[in-house]
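Spelled out from the first residue to the last, the chains are:
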Amino acid sequence: MIALAGIAASAAPAPARPAFPGAVGWAAETPGGRGGRIIRVTTLAADGPGSFKSAIEAKGPRIIVFEVGGVIDMARQTLTIREPFVTIAGQTAPSPGITLIRSGIDIATHDVVMRHIRVRTGVDSQPLMSGWEADALSTVAAHNVIIDHCTFTWAIDENMSASGPRFEGKTPDEWRAGTSHNITYSYNLAAEGLANASHPKGEHSKGTLIHDNASGILIYRNIYAHNKERNPLLKGGVQAELVNNLIYDPGERAVHYNLMALEWGEHPYQIGKLTAIGNVLRGGVSTAQGLPFLTLGGDGDLSYYGRDNLAVDRWGNGLPMFGRYGETRAKLIEAKAPPVEWPGLQVLPSRDVETHVLWHAGARPWDRDADDLRVLFFVAEGRGEIIDDEKQVGGYPKMKPTSARFVEADWNLDTMEPKSGRYPGQKDQITEHLSDRDKMMRQGENGKGENAK
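Attention here is on the structure that accompanies the text. Please read these numbers as outputs of a predicted model, since none were measured by experiment.

What about the pattern of salt bridges?
Throughout the structure, instances matching the rule amount to 29 salt bridges. Between Arg120 and Asp369 there is a salt bridge, with its nearest N and O atoms 2.9 Å apart. Taken together, the positions of Arg120 in strand 9 (residues 118-120) and Asp369 in the loop between helix 5 (350-360) and helix 6 (370-381) put the pair 249 residues apart, joining distant regions of the chain. We classify Arg120 as buried; its relative accessible area is 1%.

Take a look at the structure:
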């Protein structure tokens, strides 16, 4: 019996581990590419051997690391991840990190971890309403996905979304299984969705769309800045938790829920479920007067639990917590307890959220690029606005390519954290990019302080 017990003990599954320290949500324990082969990105070319595209298209469990830093120009080609069990470790790139331009990423598989990548889609001089309509990042009927510490800007559709078919299967449980579920968006910057650009529907500055019947969605400690709508939009039957996010300068809508009868037809309506705790809405230059924190549209009911959410206009005056668009029978059902809740989530008081996320959210906070710094400083200063074209804020970034060998022994390959505690390109102090004149005014003639000789 002792021998049998020993056999049973040795056959017991290993306890689940988080994907990385601090991973949260229903996808927190996805292995991603843990235990798989290391694939090194060695070129900034759009495709071919050593490219990022080649790495994400490879089969089998894999950890994608970067031996180059700079801009990958995809020339209006969206990258699609179809092969599961992958970790994309943007933190391994040498400074300035990895920035994709003229592109978007669709995740159409399961068990994906992506961290510290920038995607700057842009209109790329395409004519108004001409059809280029990429999301910066979207999951497509995906599950067990964590998108953490990334930056998504200048999308033509949404900056950061979870999508898929509405009614795959015969029952609501099958619908939920057939679309995106168990998705975490944590510590991302989703900003400056382009308004009047090339999207065929016209104006389309959007933050996040969580599509009908998506479930297990956690939106945690992200920054939304200068998106006209969908900050985020939850569609019919969505089950989501929204915690400690900063929503700055939304245009016409901040958080909103909408089950559209035109899309549901004869399918039985499902009650949406939303828990919103410790979020901050701050109006800006582009924000409509009197904008509510949560707006209800369409025909479906929403079970809603809200606590310690703060909503103010650009001058600090209070904004309403609730409003509606459309005179329908849709009801806001105020729940006494969270209808959706991931256990053990650390929640900051709303008054601490802005300071925390401005310091920590976005790609490579230890090594920010000029566009992230511009957006974050403008949020802090109450500046910036919704834009139509990336050229309004300087256009696509130009970065000098860099390279550095990835040394496996320097990294914990289970979590893809550096053993030293310091990341490539880590700076001791993060400051905004200064002009030569600003450097002289603030740091002295030689840039070494007021007493420089």
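Some thoughts on the nonpolar core
Membership of the largest hydrophobic core comes to 67 residues, with the highest contact counts inside it found for Phe52, Ile88 and Ile105. The residues touching Ile105, leaving out its near neighbours within four places in the chain, are Phe52, Thr78, Leu79, Ile81, Leu100, Met114, Val119, Asp135, Ala136, Leu137 and Ser138. If you look at the next biggest cluster of nonpolar residues, it comprises 32 residues, including Tyr220, Leu310, Ala361 and Val379.

Concerning the sheet that holds strand 20 (residues 239-243)
Pairing within the open sheet is parallel, and its 11 strands lie in the order 1-2-5-8-11-14-17-20-23-26-29. With one partner strand each, in any of the chains shown, strand 1 (37-41) and strand 29 (332-334) form the two edges of the open sheet. Between one strand axis and the next, the sheet turns through 15° on average, direction left out of account. The sheet contact formed by strand 20 and strand 23 (residues 272-277) spans five bridges and is parallel. If you follow Ala240 over to strand 23, its bridge partner there is Leu274.

The rules behind the values
- Residues numbered from 1 in each chain as written.
- Predicted model: local features only at pLDDT ≥ 70, side-chain atom pairs only at ≥ 80, totals over all residues.
- Heavy atoms only, no water.
- Salt bridge = Lys/Arg side-chain N within 4 Å of Asp/Glu carboxyl O.
- Helix = DSSP H or I, 4+ residues; strand = E, 2+ residues; numbered from the N terminus.
- Buried < 20%, exposed > 50% of the residue type's maximum accessible area, 1.4 Å probe, protein only.
- Core = buried A, V, L, I, M, F, W, Y, C linked by side-chain atoms within 4.5 Å.
- Contact = heavy atoms within 4.5 Å.
- Pairing = 2+ DSSP bridges.
- Axes fitted to C-alpha atoms, helices over the stretch in contact; angles between N-to-C directions.

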